[in-house]
Amino acid sequence: MGYPRAGKHYPRSYGEFLSWFRTDEDCLDYLEWLRWPSGFACPTCGYSGGWRLSDGRFMCPDCGGRSSVTAGTIFDRTRTPLTVWFSACWLFASGKDGISALSLKRTLEIGSYQTAWAMLHRLRSVLVRPGRHRLTGTVEVDETYIGGKEAGLSGGRARGKKVLTGIAVEVSDPRGFGRCRMRPLADASATSLHPFVTDFVEPGATVTTDGWKGYSGLENLGYIHRPRSQRADRASGGDSGDLLPAVHRVASLAKRWLLGTHQGSVDGSHLASYLDEFAFRFNRRRSRSRGMLFYRVLELAVTHEPVRYKDLVANRRARAVPPIPSRGTGHPPSLDRQPADRPWRNSG
Ligand SMILES: [Zn+2]
């Protein structure tokens, strides 16, 4: 199929969302379609085809393995009803700025803040798209301190820890921004900055920096490096204004978003995943439909390995290097599945 369409592949409004997903069975059916667009494929042996058992799981006729739509995804062994998960995902994706854990808890009347917090972190963790493209063309790169006060802290500690963060933004002529990437950095040395650039910027791109020594040597890594300085800018007839307007704009939007949507209650150990969420939203800011983001998040969620609660809280320190994302095995969804591929589906 081609591009997913509103009203056909994803709800175009909240009203439509409500009418599509009334029960957990409705949600399972949608996840099944997203995960196995051409019918059940055994996660164990890869065999295509199988039977639906009376408990809703599938059995592989080849290896005899049993599986469910949610097994091996971020919904694996969840105790939260799928209807609540879908509502959370809708709020997360359809709101321009997303939603905080506190608002989610109140809106959906979720039992504990911890549960709401963990749900949002699981949704956030799928946003790092495996194999996503690196930035191209002209890219501004800079680093800045981001972070803020942590909830519940007072006095001197309320300032919290700020984390040095690398920012890369595509710039288009004469003005306008493309995509951005952000990641916490261990420090501002070449050892930290060079991998940041090589991970996120395609070789051959023109990289504009402020000329900090941590960036020198980029030209040896396949980039056209354009260090800019006030003095050099004046000498070449520039107006010596903001030399890196794109990264500064993105940094200020990210800080405002953390303070606004999340009231700054983001601790350093989780900053990386908030930055992933910010970049996901920023890079889709021109998306016409918010329902489309709902669809994208769920599509990523059913191809993402389970995220355990202990993994969400275990990593107390900001990672200098994020975990390597798993290889996605997702397929584009299709409504044109052959009924023959789905012998287990009954009309009920
Ligand atoms: Zn099998």
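Everything that follows concerns the structure shown earlier in this document.
Now for a description of the structure that goes with this document. What you are looking at is a predicted structure, and each value in this text was computed from that prediction instead of being measured.

What follows is about the overall build of the protein chain. Looking only at helices and strands, the protein chain features eleven helices and eight strands. When contacts within the protein chain are restricted to residue pairs at least 6 apart in sequence, those whose partners lie at least 24 apart make up 62%. Element-wise, carbon and sulfur atoms account for 50% of the exposed surface of the protein chain, whose accessible area totals about 18000 Å².

Moving on, we get to the packing of helix H2 (residues 24-35) against helix H3 (residues 82-94). Packed helices, taken two at a time, are described by the angle their axes make and the gap between the axes. In the contact formed by H2 and H3, the axes pass within 8 Å of each other and the chain directions differ by 65 degrees. Where H2 approaches H3, its residues Asp24, Cys27, Leu28, Tyr30 and Leu31 are matched on the opposing element by Leu82, Thr83 and Phe86. For the contact of H2 with H3, the class distribution of residues is six nonpolar, one polar and one charged.

Turning to the nonpolar core, a few remarks are in order. Formed by 69 residues in total, the largest nonpolar core has its most connected members in Tyr30, Phe75, Phe86, Phe294, Val297 and Leu298. Setting aside its immediate chain neighbours within four residues, phenylalanine 75 contacts Leu31, Thr70, Leu82, Trp85, Leu298, Ala301 and Val302. Residues Val139, Ala168, Phe196 and Val207 belong to the second largest nonpolar core, which totals 16 residues.

Six octahedral donors around a metal ideally make angles of 90 or 180 degrees; four tetrahedral donors ideally make 109.5 degrees. Ligation of the zinc ion by protein atoms is provided by Cys42 (SG), Cys45 (SG), Cys60 (SG) and Cys63 (SG), these donors lying 2.2 to 2.3 Å from the ion. Here the zinc ion is ringed by four donor atoms whose angles at the metal span 105 to 116 degrees, and the overall shape comes out tetrahedral. The sequence pattern describing where the donors of the zinc ion fall on their chain is C-x2-C-x14-C-x2-C. On the criterion of sequence distance, the pair formed by cysteine 45 in the loop between H2 and strand E1 (51-52) and cysteine 60 in the loop between strand E2 (58-59) and strand E3 (66-67) is long-range, its members being 15 residues apart. Note on cysteine 45: relative accessible area 38%, which makes it partly exposed.

This paragraph deals with the packing of aromatic side chains. All told, the structure shown has 25 aromatic pairs when counted by the stated rule. Relative to phenylalanine 86, the ring of tyrosine 30 lies with its centre 6.2 Å away and its plane at 75 degrees, an arrangement referred to as edge-to-face. Of this pair, tyrosine 30 sits in helix H2 while phenylalanine 86 sits in helix H3, and the two are 56 residues apart along the sequence. Each member of the pair tyrosine 30 and phenylalanine 86 is classed as buried. Ring pairs connect the aromatic residues Tyr10, Tyr14, Phe17, Trp20, Phe21, Tyr30, Trp33, Phe86, Trp90, Phe294 and Tyr295, which therefore count as one cluster. Sitting above the plane of the phenylalanine 280 ring, arginine 284 keeps its charged end 3.9 Å from the centroid.

Criteria and thresholds
Residues numbered from 1 in each chain as written. Predicted model: local features only at pLDDT ≥ 70, side-chain atom pairs only at ≥ 80, totals over all residues. Heavy atoms only, no water. Helix = DSSP H or I, 4+ residues; strand = E, 2+ residues; numbered from the N terminus. Contact = heavy atoms within 4.5 Å. Areas by Shrake-Rupley, 256 points an atom, 1.4 Å probe, with all protein chains shown as cover. Axes fitted to C-alpha atoms, helices over the stretch in contact; angles between N-to-C directions. Nonpolar A, V, L, I, M, F, W, Y, C, P; charged D, E, K, R; others polar. Core = buried A, V, L, I, M, F, W, Y, C linked by side-chain atoms within 4.5 Å. Buried < 20%, exposed > 50% of the residue type's maximum accessible area, 1.4 Å probe, protein only. Donors = N, O, S within 2.8 Å, 3.2 Å for Na, K, Ca; no water. Tetrahedral: all angles 85-135°; square planar, octahedral: opposite > 155°, others 65-115°. Phe/Tyr/Trp six-rings, centres within 6.5 Å; stacked < 30°, edge-to-face > 60°. Lys NZ or Arg CZ within 6 Å of the ring centre and 35° of its normal.

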